[in-house]
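# Observations on the three-dimensional arrangement
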Amino acid sequence: SNVGVVDSYLSGSGNYATSSYTGGICGYAVSTTINLCYNESFVHGYTNIGGICGYIWNTTISNCYNMGAITSDNFTVVIKAYVGGIYGFVNSQHSSYVSNCYNAGVVRGGHDAANIGSIGGNVGSNTHITNCFYLVGGAATESGRVQKGIGASSLTETTADEPGKTDPFNSI
């Protein structure tokens, strides 16, 4: 709780055969609570990259924000990037909660827009996102395909949320 990172460059390594976990506050969180934290730094990695946390599992993120640039240099089809302004990847085997968070930073990923979002790179059946906001148009692929709050499940699908507000379970 109560952690802020400002004016830094955070970088994770990885390649086409391995995953990496990079975040402004933490890279990998299991059964953790992250509260009252913020990132205003540049976060760069290969996979599982988030402004607050790169990978979450059975984790709660609340009252956090990101204003830093979040980027991936993953341009392969072997491992998906999962890039998000708050979290990159959520493992949905257990419940995770993201609430009262916002992203005002730029989120850029590789070729696969399906896994890039202003709030999170993906969402699972046990993921609960409430009262989270982002700047519309803030997340896009390296080729410029714009995504919304949560990465969609395929490249032909658009994300299921309202512009400016993310709640994938009660949205249009």
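Residues numbered from 1 in each chain as written. Predicted model: local features only at pLDDT ≥ 70, side-chain atom pairs only at ≥ 80, totals over all residues. Heavy atoms only, no water.

### Re the packing of aromatic side chains
For the coordinates displayed, the defined rule picks out seven aromatic pairs. Note on Tyr28 and Tyr55: the rings are 4.5 Å apart at their centroids and 0° apart in plane angle, and the pair reads as stacked. Taken as a pair, Tyr28 in strand S3 (residues 26-30) and Tyr55 in strand S7 (residues 53-57) lie far apart in primary sequence, 27 residues in all. Judged by its relative accessible area of 10%, Tyr55 is buried. With 5.0 Å between their ring centres and 5° between their planes, Tyr65 and Tyr102 make a pair best called stacked. Pair noted here: Tyr65 is in strand S9 (residues 65-66) and Tyr102 is in strand S14 (residues 102-103), with a separation of 37 residues, a long-range link. Among the aromatic residues, ring-to-ring pairing joins Tyr21, Tyr28, Tyr55, Tyr82 and Phe89 into one connected group. (Phe/Tyr/Trp six-rings, centres within 6.5 Å; stacked < 30°, edge-to-face > 60°. Helix = DSSP H or I, 4+ residues; strand = E, 2+ residues; numbered from the N terminus. Buried < 20%, exposed > 50% of the residue type's maximum accessible area, 1.4 Å probe, protein only.)

### Side note on unusual backbone geometry
Despite not being glycine, Asn48 shows a phi value in the positive range, around 55°. Relative to the elements of secondary structure, Asn48 occurs in the loop between strand S5 (38-45) and strand S6 (49-50). Although it is not a glycine, Asn100 sits at a positive phi angle of roughly 55°. As for its placement among the helices and strands, Asn100 is situated in the loop between strand S13 (96-99) and S14.

### A short note on a nonpolar patch on the surface
A surface patch of nonpolar side chains, about 270 Å² in accessible area, is lined by Tyr21, Tyr28 and Val30. Among the secondary structure elements, Tyr21 is positioned in the loop between strand S1 (4-11) and strand S2 (22-23). Judged by relative accessible area, which is 38%, Tyr21 ranks as partly exposed. (Patch = residues over 30% accessible without salt bridge, like charges linked within 9 Å, V, L, I, M, F, W, Y side chains within 5 Å. Areas by Shrake-Rupley, 256 points an atom, 1.4 Å probe, with all protein chains shown as cover. Salt bridge = Lys/Arg side-chain N within 4 Å of Asp/Glu carboxyl O.)

### Looking at the sheet that holds S2
Here we have four strands laid out as an open sheet, ordered S2-S6-S11-S16, and parallel in their pairing. Of all strands in the sheet, those bounded by a partner on one side alone are S2 and strand S16 (116-117). As paired elements, strand S11 (residues 83-84) and S16 share two bridges and run parallel to each other. Of the residues in S16, the one forming a bridge with Val83 is Ile116. (Pairing = 2+ DSSP bridges.)

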